[in-house]
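# Report on the structure
Here is how the chains run, residue by residue.
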Amino acid sequence: MAGKTIVITGASDGIGAAAARELAQREHEVVVVGRSEQKTRRIAEELGASFYLADFARLTEVRELADALARDFPRIDVLANNAGGIFGTKQRTEDGFEKTFQVNHLAPFLLTNLLMDTLVASDATIINTSSAAARLFAHLDLDDLNNDRGVSANRAYGNAKLANILFTRELDRRFSDRGVSSAAFHPGVVATEFANDTTSPMRMLYRTPLRSLLRLRTPAEGARGLVALAEGEPGRDWISGEYYEDQQLAKTNRQAYDDEASRRLWEESAAMVGLASEAEKGGPERDTLFEPPCGPVRGRVEGRVIRVSNIPYARAARFAPPAPVADWSEPLDATSPSPACPQLPSPALADAMGTGQSFVGDSEDCQNLTVTLPADLRPDETLPVMVFIHGGSYVIGAADIPMHDPAALVAEQRVIVVGVTYRLGIFGFLATPDGHPANLGLLDQIEAFRWVQRNIAAFGGDPSRVTAFGQSAGADAIANIMATPDAPRLFSRAIIQSAPLGIARGRREMNEAMGQAAAGLDTESTVGDVLSRQALVTVIGGRYGLPGGMPFGPQAGHAPLPEEDRLDEALDAAAPHIDVLIGHTAHESRLFAPQVQRVQRLNQVPLVGRRAIEALDAVLTRLIYGQASRRFARRHVAAGGHAHHYVFTWTAPDNEFGAAHTVDLPFLFGDEQTWRRSKILAGAPWAEVERHGRRIRQLWADFARGEELPARGEIPGVLTHERVEA
């Protein structure tokens, strides 16, 4: 039997953990979902499995879970909705629902619906853990699903478990013809932590000496039904839409067989969780065909967002300037990630970040972009647009890798994000004496901004509210684009994160030496030849001190940039038209320290080594990032613009990277799965990163919306910002 991909919620202990162990032992790929980070991580590490955290008492976390699962698992063979509980006193969640009903029914209902595209594509099985309580205690009032009239804890729990069975039957009615099967089961009375948080009489069964008088099942015994359904074949081993006890068809509450009740429960539940506009079949009826002036494009729904990927905004022959792509008339399939520009690997950076570029392919035809917008965008809604230029020292990176995934930013803040991929290294940022132009990658980016101005309205974006934002080399690129005449027509705001502006000038001699070494490459050279030469050219650039730490980049005096001595004049001309939020992290250079052997030897010196490295970091951070960013902001304001400056100070506990370069990215992009191997976050619980990330994303989006930031502001322990005065 081929291994299946099986997602189990409530898998941090009890029945879910036992089922996960058994299924993993049988060589299935198990994905564990739990509420407790400690317990869930422990189970995942025991099994070598992926894990995700979600509190089902918070529907926001359920939506984020669905986003992450849909992104990370193109195939899900089994979704086991096992999370649940009974709560003794009537409690309301932050979503406004009675807690027992939300945790046991609304949350799995929402999760299942948000994953439905993946489940349908996988011919999946959906398993709902129910209970005999549905037969013993339930009488579901469809006019009072939220228990506003008040019911006992046992009745509330029984109603929720009856809802699980009704949900199972309605799933079968709506989706069986599309390959999806469903079943509900009762695991028996199991000796677990169940009912620990209740004053219900059920607690007497589980938490007092009474349990010793009963034959309670072990979690492994209770999990047998789940395991059998997960491994079995619908139609052969079990019947879709039915309820099981002890792996046998079983009778339950008469209300469970009321087709009108199951239909109405579905509709009421959909309205409660915000899916009321979806079609009768239960799947999202969102048209992903957009018709911008460039030509029709069809994207894909991923949880709370729609992605329209790999749209060509320009094309160019090797070592030639870009030109807009001719408009097309047939719908373009825009569902695959944009490829990266061919590039050399960066093992040291990948080790620190815990992620890399291998998630997308590469191509010299890399002038593509991806539009990410809220899936529930209303026809009359117009949103601000944020165009992201990725970093990577102008030699690595791509827009569509997981560490740049803007789904949380888009869904939470209701903005549209456009991710731009462009040419890198020798392909994009080096003039040679035999005629290869400089700044081709910068010209690519400008073409992408022009594409946004022409086309973004078709996706619900406001072309008059475009914010350019980028990190590291991407931020440096935005600062350079601001020195071009077209900048005020391309964007009205800029967020410049950790731009190495302190090494951006005085590079002519280095660039000329590098260009000489790169001469001779042409359109007949293989990609391997170009990248091999790039490695040699990088070594030559490294001989030129601090600028050699980022040898490739924009070159002043080459189109579209003015000569270096006129850069400030050009930037001043744009200042009144572009508002700026600029800043850096507190310990930028610590990301690069492990790559320098001398620094590592210094770190081994007892007593003084660590302090010396901290002092060196302070100097380099100030020279390359801090002073230069403040100087940029002051010049901008003096020229009639508006600017705020920030410092990102958050550090993971006892982490030698501190607030290193790139530490801000996990607070904007990706999710726990993306960053779980990141050394710069090691020691910090993801819940802390996510909590602070919400505020960072809001600050960035508030700026993009044009809201006035306070003269001084703070996210305690994370970031400070202030308005820059002339």
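## Observations concerning the sheet that holds strand E9 (residues 289–290)
The strand order across the open sheet built from three strands is E9-E10-E13, with neighbouring strands paired in mixed fashion. Because the sheet does not close on itself, it has two edges, and the strands there are E9 and strand E13 (332–333). In this structure, strand E10 (residues 297–298) lies alongside E13, joined through two bridges in parallel fashion. In the strand pairing of E13, arginine 298 is matched with aspartate 333.

## Points about the packing of aromatic side chains
Applying the stated criterion across every chain, the model contains 16 aromatic pairs. The interplanar angle of 45° and the centroid separation of 5.0 Å between the aromatic rings of phenylalanine 449 and phenylalanine 491 together place this pair among those described as tilted. With phenylalanine 449 in helix H16 (residues 440–455) and phenylalanine 491 in the loop between helix H18 (487–490) and strand E18 (493–497), the pair connects residues that are 42 residues apart, well separated along the chain. Accessibility classification places phenylalanine 449 together with phenylalanine 491 in one group, the buried group. Here the aromatic rings of tyrosine 646 and tryptophan 700 are separated by 5.3 Å at their centres, their planes lie at 65°, and the arrangement is edge-to-face. Taken together, the positions of tyrosine 646 in strand E20 (residues 643–648) and tryptophan 700 in helix H25 (residues 686–705) put the pair 54 residues apart, joining distant regions of the chain. What makes tyrosine 646 buried here is its relative accessible area of 1%. Relative accessible area serves as the criterion here: at 2%, tryptophan 700 is assigned to the buried category. Within the aromatic cluster, the residues linked to one another by ring pairs are Phe109, Phe167, Phe175 and Trp266. A cation over an aromatic ring shows up here: lysine 251 above the ring of tyrosine 257, its NZ or CZ 5.4 Å from the ring centre. Of note, arginine 635 hangs over the ring of phenylalanine 632, and the distance from its end group to the ring centre comes to 4.7 Å.

## Let's talk about the environment of isoleucine 696
With respect to the helices and strands, isoleucine 696 occurs in helix H25. Exposure remark for isoleucine 696: the relative accessible area of 2% places this residue in the buried category.

## With respect to the packing of helix H3 (residues 59–72) against helix H4 (residues 99–114)
Remark: H3 packs on H4, axes separated minimally by 9 Å, with the N-to-C direction vectors making an angle of 30°. In the crossing of H3 with H4, the sense of the turn from one axis to the other is right-handed. Note on element contacts: H4 touches H3 through Gln102, Ala107, Leu110, Leu111 and Leu114, opposite Leu59, Val62, Arg63, Leu65, Ala66 and Leu69. Residue composition of the contact of H3 with H4, by class: nine nonpolar, one polar and one charged.

## Structural notes on the state of the cysteines
Counted under the stated rule, the structure contains zero disulfides. Among the cysteines around cysteine 294, which has no disulfide bond, cysteine 366 carries the closest sulfur, lying 18 Å off. Looking at cysteine 366, it has no disulfide partner, and the nearest cysteine sulfur is the one in cysteine 341, 4.3 Å off. On the accessibility criterion, cysteine 366 (0% relative accessible area) is buried.

## Structural notes on the packing of helix H1 (residues 14–25) against helix H2 (residues 37–47)
Where H1 contacts H2, the two axes come as close as 10 Å, and the packing angle between them is 15°. When the axis of H1 is compared with that of H2, the two are roughly parallel. For the element pair H1 and H2, the recorded crossing hand is right-handed. Along its contact with H1, which presents Ala17, Ala20, Arg21 and Ala24, the element H2 presents Ile43, Glu46 and Leu47. Split into classes, the residues belonging to the contact of H1 with H2 amount to five nonpolar, no polar and two charged.

## Overview of unusual backbone geometry
Along the chain, alanine 559 connects to proline 560 via a cis peptide bond; the corresponding omega equals 10°. As for its placement among the helices and strands, proline 560 is situated in the loop between helix H20 (527–541) and helix H21 (567–574). Although it is not a glycine, glutamine 247 sits at a positive phi angle of roughly 60°. Along the polypeptide, glutamine 247 turns up in the loop between strand E7 (242–245) and strand E8 (248–249). On the accessibility criterion, glutamine 247 (46% relative accessible area) is partly exposed.

## Remarks on the pattern of salt bridges
Considering all chains together, one arrives at 54 salt bridges under this definition. A salt bridge links arginine 264 to glutamate 268, with the shortest nitrogen-to-oxygen separation between them at 3.8 Å. Taken together, the positions of arginine 264 and glutamate 268, both in helix H12 (residues 259–273) and four residues apart, correspond to about one turn of that helix. The partly exposed category is assigned to arginine 264, whose relative accessible area is 26%. With its nearest N and O atoms 2.9 Å apart, the salt bridge here joins aspartate 376 to arginine 414. Placement of the pair is aspartate 376 in the loop between strand E14 (368–374) and strand E15 (383–389) and arginine 414 in the loop between helix H14 (407–413) and strand E16 (416–420), with a sequence separation of 38 residues. Judged by its relative accessible area of 51%, aspartate 376 falls in the exposed class. Taken together, the salt bridges that share partners define one network made up of Arg71, Asp72, Arg300, Glu302, Arg307, Asp405 and Asp671.

## A short note on H12
When the terminal C-alpha atoms of H12 are compared, their 21 Å separation across 15 residues agrees well with the 21 Å that a helix rising 1.5 Å per residue should span. Its buried side turned inward, H12 meets H3, H4 and helix H7 (153–175). Capping of H12 at its N-terminal end is provided by aspartate 258; its side-chain oxygen lies 3.0 Å from the backbone amide nitrogen of glutamate 260. Positioned one or two residues after H12, glycine 274 has a phi angle of 90°, which is positive.

## Re a nonpolar patch on the surface
On the surface, a cluster of nonpolar side chains totalling about 220 Å² of accessible area is made up of Leu546, Val619 and Leu623. Here valine 619 shows up in helix H23 (residues 609–638). Note on valine 619: relative accessible area 34%, which makes it partly exposed.

## Brief notes about the sheet that holds strand E12 (residues 305–312)
Reading across from one edge, E11-E12-E14-E16-E15-E17-E18-E19-E20-E22-E21 is the order of the eleven strands in this open sheet, with mixed pairing throughout. Strands at the two margins of the open sheet, each flanked by one partner only, are strand E11 (300–302) and strand E21 (712–715). This sheet shows a mean twist of 20° between the axes of neighbouring strands, independent of strand direction. Here E20 runs beside strand E22 (residues 719–723); their pairing, made up of five bridges, is antiparallel.

About the thresholds
- Residues numbered from 1 in each chain as written.
- Predicted model: local features only at pLDDT ≥ 70, side-chain atom pairs only at ≥ 80, totals over all residues.
- Heavy atoms only, no water.
- Pairing = 2+ DSSP bridges.
- Helix = DSSP H or I, 4+ residues; strand = E, 2+ residues; numbered from the N terminus.
- Phe/Tyr/Trp six-rings, centres within 6.5 Å; stacked < 30°, edge-to-face > 60°.
- Buried < 20%, exposed > 50% of the residue type's maximum accessible area, 1.4 Å probe, protein only.
- Lys NZ or Arg CZ within 6 Å of the ring centre and 35° of its normal.
- Axes fitted to C-alpha atoms, helices over the stretch in contact; angles between N-to-C directions.
- Left-handed = near helix turned anticlockwise from the far one by under 90°.
- Contact = heavy atoms within 4.5 Å.
- Nonpolar A, V, L, I, M, F, W, Y, C, P; charged D, E, K, R; others polar.
- Disulfide = S-S within 2.5 Å.
- Parallel < 35°, antiparallel > 145°, perpendicular 65-115°, else oblique.
- Salt bridge = Lys/Arg side-chain N within 4 Å of Asp/Glu carboxyl O.
- Expected span 1.5 Å × (residues − 1).
- Polar contact = N/O pair within 3.5 Å; in protein donor to acceptor, adjacent residues only side chain to side chain.
- Patch = residues over 30% accessible without salt bridge, like charges linked within 9 Å, V, L, I, M, F, W, Y side chains within 5 Å.
- Areas by Shrake-Rupley, 256 points an atom, 1.4 Å probe, with all protein chains shown as cover.

As far as function goes, none of this settles anything; it's purely spatial.
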